[in-house]
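# Coordinate analysis (summary)
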Amino acid sequence: MQFVKAHGARLYAVAVAVLALVAHFVPELPSELVLGVVAATLGLGEAVQRAEDRKTAEAFAADPRK
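Residues numbered from 1 in each chain as written. Predicted model: local features only at pLDDT ≥ 70, side-chain atom pairs only at ≥ 80, totals over all residues. Heavy atoms only, no water.

## Overview of the environment of A40
Applicable threshold: For helices the rule is a DSSP run of H or I covering at least 4 residues; for strands it is a run of E covering at least 2, with both sets numbered from the N terminus onward.
Looking at where A40 falls in the secondary structure, it is placed in helix α3 (residues 31-61). Spatially, the C-alpha atoms of A40 and P27 are 20 Å apart, while their sequence positions differ by 13 residues.

Next comes the structure, spelled out in structure tokens:
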């Protein structure tokens, strides 16, 4: 779980790339299914962005002398 917290943006990028490849190379997938997964992926992207923003804010607020 610590790995996921530390590398959430990278894992998200890999998942989106895999999703795009599957959607391209498996044309028999129903478009409703693909669109549903894309919508869920966009929501997950928002969560990843907020987590990254939180880590950045914590880094800026940290005491640099530590």
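## Quick look at the pattern of salt bridges
Note the following rule: The salt bridge definition used is simple: a Lys or Arg side-chain nitrogen within 4 Å of an Asp or Glu carboxyl oxygen. Any residue under 20% of the maximum accessible area for its type is buried, any over 50% is exposed, and the rest in between are partly exposed; the area is computed with a 1.4 Å probe on protein chains only.
This model, assessed by the stated rule, comprises two salt bridges. A salt bridge links R50 to E46; the shortest N-O distance between them is 2.8 Å. Within this pair, R50 and its partner E46 are both found in helix α3, separated by four residues, close to a single helical turn. Judged by relative accessible area, R50 falls into the exposed class, the value being 53%. The partner of E52 in a salt bridge is K55, and the shortest N-O contact between them spans 3.1 Å. Of the two residues, E52 and K55 are both situated in helix α3; the distance of three residues between them amounts to about one turn of the helix. Assessed through its relative accessible area of 26%, E52 is described here as partly exposed.

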